[in-house]
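# Commentary on secondary and tertiary structure
Here is how the chains run, residue by residue.
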Amino acid sequence: DEQTLLFPTYSNLLVEVGVERPDTRLGVPISINGAALAEAVVTDEFIYVPYRTNNLVAIERDTLEVAWTLVTEGGVWAQPLLIDEVLYVTTMDHRLYAVDAVTGEQLWNDPVSLEGAIASTPLFVNDYFYVGSYDHRLYQISLDGEVVAQYEGNNWIWGTPVIFEDTIYYADLSGYVYAL
């Protein structure tokens, strides 16, 4: 069995390609109900597809039917983060959601509401999420969905922060790089 990769596309398809021969499409592309800008998360049971204009859907791998939908007011421009059967989803409607990966149930009473759109996957380090926002800030968020700290930037913080030797680095769209 050849290992494969699954890519969501802006043209409303999921396309499967082989790892050993990535120039070859395998099978028939799967039609989806929206365009995607970010990578899907794939497990043995589900394909989690972030739609550009709104919502995240969980598609059952066996049937290709939608199992559940996380309804958002804005698009999901970043790949969700899966940790211990919980999906953490950032959205263009300024929120970070914690969702049960099997049922789609929201696990926090309210999603974390930030002051700007979020176009990146959270970084998870030492039981905290680090999430950049279009409001020029990086947020540190606890596992129970509480904002515990904010760090300033000079412009939109679009990319996912990175960690190297216990220091977290993030950059803004003006080209400034910050270290925590």
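Our structure is the block above this text.
Let me sum up the structure you'll find in this document. Just so it is clear, the structure is predicted and the values come from calculations on it, not from any experiment.

Now for the pairing of strand β2 (residues 13-18). Alignment of strand β1 (residues 4-8) against β2, held across five bridges, turns out to be antiparallel. Note on β2: the bridge partner recorded for threonine 4 is glycine 18.

Attention now goes to the packing of aromatic side chains. Counted under the stated rule, the structure contains 11 aromatic pairs. Consider the rings of tyrosine 134 and tryptophan 158, whose centres lie 5.3 Å apart with planes at 35°: the pair is tilted. Taken together, the residues span a long stretch of sequence, with tyrosine 134 in the loop between β13 (128-132) and β14 (137-142) and tryptophan 158 in the loop between β15 (147-152) and β16 (162-164) at a distance of 24 residues. Classification of tryptophan 158 as partly exposed rests on a relative accessible area of 34%. What links up through ring pairs into an aromatic cluster is the set Trp77, Tyr134, Trp156 and Trp158.

Before going further, it helps to spend a moment on the nonpolar core. If you look at the biggest cluster of nonpolar residues, it comprises 14 residues, and the most contacted ones within it are Tyr88, Leu96, Leu114, Phe129, Val131 and Ile141. At the level of secondary structure, the elements contributing two or more residues to this core comprise β8 (81-83), β9 (86-90), β10 (95-100), β13 and β14. With sequence-adjacent residues up to four places away left out, valine 131 is seen in contact with Thr90, Leu96, Leu114, Ile118, Pro122, Arg137, Leu138, Tyr139 and Ile141.

Attention shifts here to the pattern of salt bridges. As enumerated under the stated definition, the model contains two salt bridges in all. For aspartate 93, the salt bridge goes to arginine 95, with nearest N and O atoms at 3.6 Å. Using a relative accessible area of 10% as the deciding quantity, one classes aspartate 93 as buried. Residue arginine 95 is classed as partly exposed on the basis of its relative accessible area, which comes to 22%.

Glancing now at the sheet that holds strand β7 (residues 66-70). Pairing between the strands of a sheet comes from backbone hydrogen bonds, and it takes one of two forms, parallel or antiparallel. Taking strand neighbours across the sheet as the criterion, the four strands line up as β4-β5-β6-β7 in an open arrangement whose pairing is antiparallel. The strands lining the two open edges of the sheet, one partner per strand, are β4 (41-42) and β7. Judged from the four bridges that link them, strand β6 (residues 56-60) and β7 form a sheet pairing that is antiparallel. Along β7, the bridge assignment pairs alanine 58 with tryptophan 68.

Cut-offs and rules
Residues numbered from 1 in each chain as written. Predicted model: local features only at pLDDT ≥ 70, side-chain atom pairs only at ≥ 80, totals over all residues. Heavy atoms only, no water. Pairing = 2+ DSSP bridges. Helix = DSSP H or I, 4+ residues; strand = E, 2+ residues; numbered from the N terminus. Phe/Tyr/Trp six-rings, centres within 6.5 Å; stacked < 30°, edge-to-face > 60°. Buried < 20%, exposed > 50% of the residue type's maximum accessible area, 1.4 Å probe, protein only. Core = buried A, V, L, I, M, F, W, Y, C linked by side-chain atoms within 4.5 Å. Contact = heavy atoms within 4.5 Å. Salt bridge = Lys/Arg side-chain N within 4 Å of Asp/Glu carboxyl O.

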